[in-house]
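# Report on the structure
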Amino acid sequence: MVEENLVIIGSGPAGLTAAIYAARANLKPLLITGNEFGGQIAITNEVENYPGFDSILGPDLTEKMRAQAERFGTRFEINEVTEVDFTHGSPFLVKTYSEEYRAKAVIVATGASAKRLGIPGENDFIGRGVSYCATCDGFFFRNKDVLVVGGGDSALQEGLFLTKFASRVRIVHRRDSLRAGELLKTRAAANEKIAYVLDTALEEIRGNGAVKEVVAKNIKTGETQTLDTDGVFVFIGHYPNTQLFEGQLAMDEQKFIITDQLRQTSVPGVFAAGEVQDPIFKQAVSSAGQGCEAAISAERWLAAHGVK
Ligand code: NAP
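The rules behind each value
Within every chain, residues take consecutive numbers counted from 1 along the sequence as written. Reporting of local features is limited, given that this is a predicted model, to residues whose pLDDT is at least 70; pairs of side-chain atoms are given and counted only at 80 or more, and all residues count toward the totals for whole chains, interfaces and linings. In computing side-chain values, all of the structure's heavy atoms are included and hydrogens and water are not. The criterion for an aromatic pair is that two Phe, Tyr or Trp rings (for Trp, the six-membered ring) have centres within 6.5 Å, with stacked assigned to planes under 30 degrees apart, edge-to-face to planes over 60 apart and tilted to the rest. Helical segments are the DSSP runs of H or I of at least four residues, strand segments are the runs of E of at least two, and each set is numbered from the N terminus. Burial here depends on accessible area, computed with a 1.4 Å probe over protein chains only, as a share of the maximum for the residue type. Under 20% is buried, over 50% is exposed, and the range in between is partly exposed. Near is defined per residue: the residue qualifies when any heavy atom it owns lies within 4 Å of the molecule or strand. Think of a polar contact as two N or O atoms within 3.5 Å of one another; within protein, one of them needs to be a possible hydrogen donor and the other a possible acceptor, and neighboring residues in sequence only count if both atoms come from side chains. For accessible areas, the Shrake-Rupley method is used with a probe of radius 1.4 Å. Any residue's cover is judged against the shown protein chains and nothing else. What fixes the domain bounds is an automatic or database domain assignment. Here a residue-residue contact requires only that any non-hydrogen atoms of the pair lie within 4.5 Å. Accessible surface is computed with a 1.4 Å probe, and the buried area is the amount of it that two parts give up when combined, taken over both parts together. Between Lys or Arg on one side and Asp or Glu on the other, a salt bridge is scored when a side-chain nitrogen of the former is within 4 Å of a carboxyl oxygen of the latter. At least two DSSP bridges between two strands are needed for those strands to be called paired. Only C-alpha atoms enter the line fits that serve as axes; for helices the fit covers just the stretch in contact. Angles between N-to-C directions range over 0 to 180 degrees. To estimate the expected span of a helix, subtract one from its residue number and multiply by 1.5 Å. Residues grouped as a nonpolar core are buried Ala, Val, Leu, Ile, Met, Phe, Trp, Tyr and Cys residues, joined through side-chain atoms within 4.5 Å.

### Things to note about the packing of aromatic side chains
- Considering all chains together, one arrives at 9 aromatic pairs under this definition.
- The interplanar angle of 50° and the centroid separation of 6.1 Å between the aromatic rings of Phe37 and Phe76 together place this pair among those described as tilted. You can see Phe37 sitting in the loop between β2 (30-32) and β3 (46-47) and its partner Phe76 sitting in strand β5 (residues 75-77), a full 39 residues away along the chain.
- When its relative accessible area of 29% is taken as the criterion, Phe37 is described as partly exposed.

### Looking at the site of the ligand
- Taken together, 20 residues form the shell around the ligand, and within it Asp153, Ser154, Arg174, Arg175 and Arg179 come nearest.
- Within the side chain of Arg179, an N or O atom sits 2.5 Å from an oxygen atom of the ligand.
- Protein burial of the ligand: of its 910 Å² of free accessible surface, 77% is covered by the chains.
- At 3 residues, the largest contribution of residues to the shell around the ligand is made by helix α4 (residues 153-162).

### Quick look at the domain arrangement of the chain
- Here the domain parsing of the chain yields domain 1 (2-113 + 238-304) and domain 2 (116-234).
- The C-alpha-based centres of domain 1 and domain 2 are spaced at 32 Å.
- Taken residue by residue, the interface counts 5 residues in domain 1 and 8 residues in domain 2.
- Buried area between domain 1 and domain 2, both sides added, is near 560 Å², and the carbon and sulfur share of it is 43%.
- Connecting domain 1 to domain 2 are 1 salt bridge.
- Among the ionic pairs, Arg187 bridges to Glu48, the shortest N-O distance being 2.9 Å.
- Counting the contacts that link domain 1 with domain 2 gives 4 residue pairs in polar contact (both at pLDDT 80 or more).

### Regarding the sheet that holds strand β10 (residues 130-131)
- Read across the sheet, 5 strands follow the order β10-β17-β11-β12-β13 without closing on themselves; strand pairing throughout is parallel. The strands lining the two open edges of the sheet, one partner per strand, are β10 and β13 (194-197).
- Sheet topology places strand β11 (residues 145-149) next to strand β17 (residues 231-234); 4 bridges connect them, and they run parallel. Looking at β17, one finds that Val149 is bridged to Val234.
- Sheet contacts for α4: β11, β12 (168-172), β13 and β17; angle to β11, the most-contacted strand, approximately 170°.

### Structural notes on the sheet that holds strand β14 (residues 200-207)
- Pairing is antiparallel in the open sheet, where 3 strands are placed in the order β14-β15-β16. Every interior strand has two partners, whereas the edge strands, β14 and β16 (224-228), have only one. Each strand of the sheet is rotated relative to its neighbour by a mean of 25°, with strand direction disregarded.
- As judged from the 5 bridges shared by strand β15 (residues 211-218) and β16, these two strands associate in the antiparallel manner. Paired with Ala216 across the two strands is Gln225, which belongs to β16.

### A few points about the pattern of salt bridges
- On inspection of all chains with the given rule, the structure shows 14 salt bridges.
- A salt bridge links Glu293 to Arg263, with the nearest nitrogen and oxygen atoms 2.7 Å apart. Of the two residues, Glu293 is situated in helix α6 (residues 284-304) and Arg263 in the loop between β18 (238-240) and β19 (270-272); the sequence distance between them amounts to 30 residues.
- By relative accessible area, which is 17% here, Arg263 ends up buried.

### Description of α6
- An ideal rise of 1.5 Å per residue puts 30 Å on 21 residues; α6 measures up with 30 Å between its terminal C-alpha atoms.
- At the C-terminal side of α6, Gly306 shows a positive phi close to 90°.

### Description of the environment of Val2
- Topologically, Val2 is positioned in strand β1 (residues 2-9).
- Taking C-alpha positions, Val2 is 7.8 Å from Glu99, a pair spaced 97 residues apart along the chain.
- Ignoring sequence-local partners within four residues, the contact set of Val2 consists of Glu99, Glu100, Tyr101 and Arg102.

### Structural notes on the nonpolar core
- Counting 30 residues, the largest nonpolar core has Leu6, Ile8, Tyr50, Leu61 and Ile107 as the members making the most contacts within it.
- Contributing elements (two or more residues each) for this core: β1, α1 (13-24), α2 (58-71), β8 (100-108) and α6.
- For Ile107, the residues in contact, after removing those within four places along its chain, are Leu6, Val7, Ile8, Ile9, Ala18, Phe271, Ala294, Ala295 and Ala298.
- If you look at the next biggest cluster of nonpolar residues, it comprises 21 residues, including Leu30, Ile32, Val267 and Val270.

### Section: the environment of Ile32
- Note on placement: Ile32 falls in strand β2.
- Among the residues examined, Ile32 registers a relative accessible area of 0% and is labelled buried.
- In this structure, the C-alpha to C-alpha distance between Ile32 and Glu77, residues 45 residues apart in sequence, is 4.8 Å.
- Here Ile32 is in contact with Val7, Ile8, Ile9, Gly10, Glu77, Asn79, Glu80, Val81, Val94, Thr96 and Tyr101, once residues within four sequence places are set aside.

Here's what the structure looks like:
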């Protein structure tokens, strides 16, 4: 059993920013990365709204944050947390596949994961035409036809990215208007490779080894059609990664961790930051800000409990 002042769970902007602040406060934090270092921003192609950068690639932004956290003394364990026990108060038990920690304070920054459509064929064709990451898989769709499902900023931003490879990108959205912001809508409208299939929900993904077609239903008319395509990229939002903490931390009805203004959870000494506790803003910069808040709160809480 290894004793730690502060364990940070998660390596997205919230966790890495918490690490920078906690390390600068001399807490020598341990950050447990999870199995996807950097979280969602690390699989985002271009980030144009992170202050200080006109444009930066998601992986590059992640690497800068990681290096900054390390420079100030953060230690990283590339591993997944398999179990926590917050029920007996501080020190808290945090277990990974290879280690057990007793942490005086914990910051939960486990982020959110891509939602799935939940339709027949979806799971069967993941990696064979169904994808949740344009940055990871776009390259495989050079001169191919792809569908993008969703009507938010992610659908348009990632759809625009896919036009670098694909011959045609059709945005399939269940309403007749998009939720995405004006800038992205204008850019998409100016891109000849982008087309829209509105008022439409996918009902099934079919193929033979790889995706070949989808069954799509017009929600207004009830009509069903088959669309030939090589790929289906799904960008329909995210759910918070809170399964580990169920029954231990208070959550809302959507399973987001409930925090107060100090990023304090229902358990004193356990803080949370980023999308795991934010159903509203969900931006890299707001997550980073919440990570900063959680680290400052953890530092004060630890000082009040005798850890300098
Ligand atoms: P989002 O804003 O929640 O949009 C999700 C989209 O998926 C909505 O259009 C929704 O339809 C649709 N949808 C949800 N469930 C569905 C289902 N089961 N079947 C079909 N469609 C479904 O999610 P997001 O686009 O990932 O964005 C998340 C946050 O990140 C937002 O705050 C966004 O502003 C931000 N973001 C910003 C940028 C940027 O600024 N450049 C880029 C990416 C993301 P309805 O519209 O009908 O609900």
